[in-house]
Amino acid sequence: MKVLPSLLLYLLLGTGLAQAGMDNDPFSTFAFGEAPQGDMLCTAGPCAAGKTALTHRAPTQAVAYYKKSSDLTHIGRVEISAPVYTYYQEELFQVFFKLLGPAEEGERLVDAFLDTLWEHSAATLLHDYFAAAVPGEAHHRRIYLLDNGWLVSASRTQEDGRWQPPHISLYEPRRMDHVRLAFNPDYRPHDN
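Treat the numbers as computed from the prediction; the structure is a model and nothing was measured.

This next bit is on the overall build of the chain. Per the secondary structure count, the chain includes 3 helices and 11 strands. Secondary structure elements of the chain, listed N to C terminal, follow the sequence α-β-β-β-β-β-β-α-β-β-β-β-β-α. Buried positions account for 37% of the 192 residues belonging to the chain. Long-range pairs, those at least 24 residues apart, make up 44% of the contacts in the chain with a sequence separation of at least 6. Approximately 11,400 Å² of the chain is accessible, and the part contributed by carbon and sulfur atoms is 55%.

So, on to the nonpolar core. Of all hydrophobic cores here, the largest spans 30 residues; its most connected members are F30, Y66, Y85, F97, L99, F113 and V152. Ranked by the residues each element gives to this core, the list is headed by helix 2 (residues 106-120), at 5 residues. Setting aside anything within four residues of it in sequence, one finds V152 in contact with F113, L114, L117, R142, I143, Y144, L146, I168, S169 and L170. V63, F93, I143 and M176 belong to the second-largest nonpolar core, a separate cluster that totals 8 residues.

A few words on the state of the cysteines. Using the criterion set out here, one finds 1 disulfide in the structure. With a sulfur-sulfur separation of 2.0 Å, C42 is cross-linked through a disulfide to C47. One disulfide, between C42 and C47, carries an S-S torsion of -85° and so falls in the left-handed class.

Counted according to the given criterion, the structure contains 4 aromatic pairs. Ring centres of F97 and F113 lie 5.8 Å apart, and the angle between their planes is 75°; this geometry places the pair in the edge-to-face category. Taken together, the residues span a long stretch of sequence, with F97 in strand 6 (residues 91-100) and F113 in helix 2 at a distance of 16 residues. Just as F97 is buried, F113 falls in that class too. Here the guanidinium or amino end of R156 rests over the ring plane of W163, the centre of that ring lying 4.3 Å away. Note that R180 overlies the ring of Y171, its terminal NZ or CZ placed 5.8 Å from the centroid.

Bringing the pairing of strand 5 (residues 84-88) into the picture now. Of all the 5 residues making up strand 5, 5 are buried; the element is thus mostly covered by neighbouring parts of the structure. In strand 5, alternate side chains face the same way, and those of V84, T86 and Y88 on one face and Y85 and Y87 on the other are all buried. In textbook terms, the turn of a hairpin is the stretch between consecutive antiparallel strands, and for strand 5 and strand 6 this stretch comprises 2 residues, one of which, Q89, has a positive phi near 50°.

Quick look at helix 2 now. The periodicity of an α-helix, 3.6 residues per turn, causes residues three or four places apart in sequence to face the same way. With 15 residues, helix 2 ought to run about 21 Å at 1.5 Å a step, and its terminal C-alpha atoms sit 22 Å apart, in line with that. Looking at helix 2, one finds that the buried residues are G106, L109, V110, F113, L114, T116 and L117. Taken end-on, helix 2 shows its buried residues confined to a sector of 155°, consistent with a single buried face. Contact partners of the buried residues in helix 2: strand 3 (74-75), strand 4 (78-80), strand 6, strand 8 (137-146), strand 9 (151-159) and strand 11 (167-171).

Predicted coordinates in areas of low pLDDT are best not read in detail. This prediction gives the chain a mean pLDDT of 78; 78% of its residues lie at or above 70. Here residues 1-24 is a poorly scored stretch, pLDDT under 50, and it has 15 contacts once near neighbours within four places are set aside; other chains count.

Of the pairings in the sheet, the one linking strand 4 to strand 6 comprises 2 bridges and is antiparallel in character. Among the inter-strand pairings, E79 is bridged to a residue of strand 6, identified as L100. In the sheet, strand 5 pairs with strand 6 via 5 bridges, with the strands oriented antiparallel. Bridge pairing in strand 6 links T86 to Q94.

Attention now goes to the side chain of S155. Along the chain, the position of S155 falls in strand 9. Looking at S155, the relative accessible area reads 13%, which means it is buried. Excluding its chain neighbours within four sequence positions, the residues that come into contact with S155 are H139, H140, R141, P166 and H167.

Here is what the cut-offs are and how they apply
Counting restarts for each chain: residues are numbered from 1 in the order of the written sequence. Only residues with pLDDT of at least 70 get local features here, since the model is predicted, and only at 80 or more are side-chain atom pairs given and counted; chain-wide, interface and lining totals rely on the full set of residues. Derived side-chain values reflect all non-hydrogen atoms in the structure, with water molecules and hydrogen atoms excluded from consideration. Helix and strand labels come from DSSP, where a helix needs a run of H or I of at least four residues and a strand needs a run of E of at least two; each type is numbered from the N terminus. Buried, partly exposed and exposed residues are distinguished by accessible area as a fraction of the type maximum, computed with a 1.4 Å probe on protein chains only: under 20%, between the cut-offs, and over 50%, respectively. We call two residues in contact when some of their heavy atoms are within 4.5 Å. For the area figures, the Shrake-Rupley method with a 1.4 Å probe applies, and any residue is considered shielded solely by the protein chains shown. Put simply, buried Ala, Val, Leu, Ile, Met, Phe, Trp, Tyr and Cys residues joined by side-chain atoms within 4.5 Å make one nonpolar core. Cysteine sulfurs are considered disulfide-paired once they come within 2.5 Å of each other. Between the rings of Phe, Tyr and Trp (Trp by its six-membered ring), a pair exists once the centres lie within 6.5 Å; its type follows the angle of the planes, with under 30 degrees stacked, over 60 edge-to-face, and the other angles tilted. Each ring is checked for a lysine NZ or an arginine CZ that lies within 6 Å of its centre and within 35 degrees of its normal; such an atom marks a charge sitting over the ring. Pairing between strands is defined by DSSP: at least two bridges between the two strands are required. By this rule, a helix spans an expected 1.5 Å times one less than how many residues it contains. This arc describes the spread of directions from the helix axis toward the C-beta atoms. Values of pLDDT, ranging from 0 to 100, describe the predictor's confidence in every residue of the model.

This is the structure:
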C-alpha cells in the first residue's frame, strides 16, 4: 500500500499540481543550456522542432520565448508574473519575470525576493545604479552575483511619475555573452 501514495505524488509532480505546496526554489525549475522542455509553450521566435509560436507572425528574431503550462506563481512570499524563458539556438540563456504587488512597495518586493534567493544561494552585490534624467522618470538597477555563477538583475523603472513593477532577470554571464556577441560583434564580454 506504500506504492499508492508514492504513485500519487509522482502523478501530481508530473502535472505540476503539487508544485504550489513544495519549496519554491527558482533554481530547481530550469537549467541554463537546456533545450525547451516538453511542457513549454513557444510564444514567439524560432520555435523548437514540433512547436509552433503562439503569434501568427513569421519569426524575425533569432531568440525564442517560451512559457510553461504550469509554473511558479510565488518565490517566497512574493507573487511573480509567469516566467519567460529565452532560448538562442534552442539553449536556455535567460529567465525573466516581474514581481507583482503595490507599485509603492517595489523596493520591499525586490528585497523580499532577494532574501528568498539568499536562502538557496549566497549573493554579492556587483552593481547598484540609479539614474533620473527628468522629473518623473528614473531607473534603479541592482546586479548580484550568485555563488553558482549566475547573475540576477533587479530593476525598477519610473515612467510619468509612476513606478512600474520590478523586473527580475536571471542569467549565466558566459552564455549571455555568447548571445550578445552573436548579435553584436563589437560587444565586450563580462570577463574582458
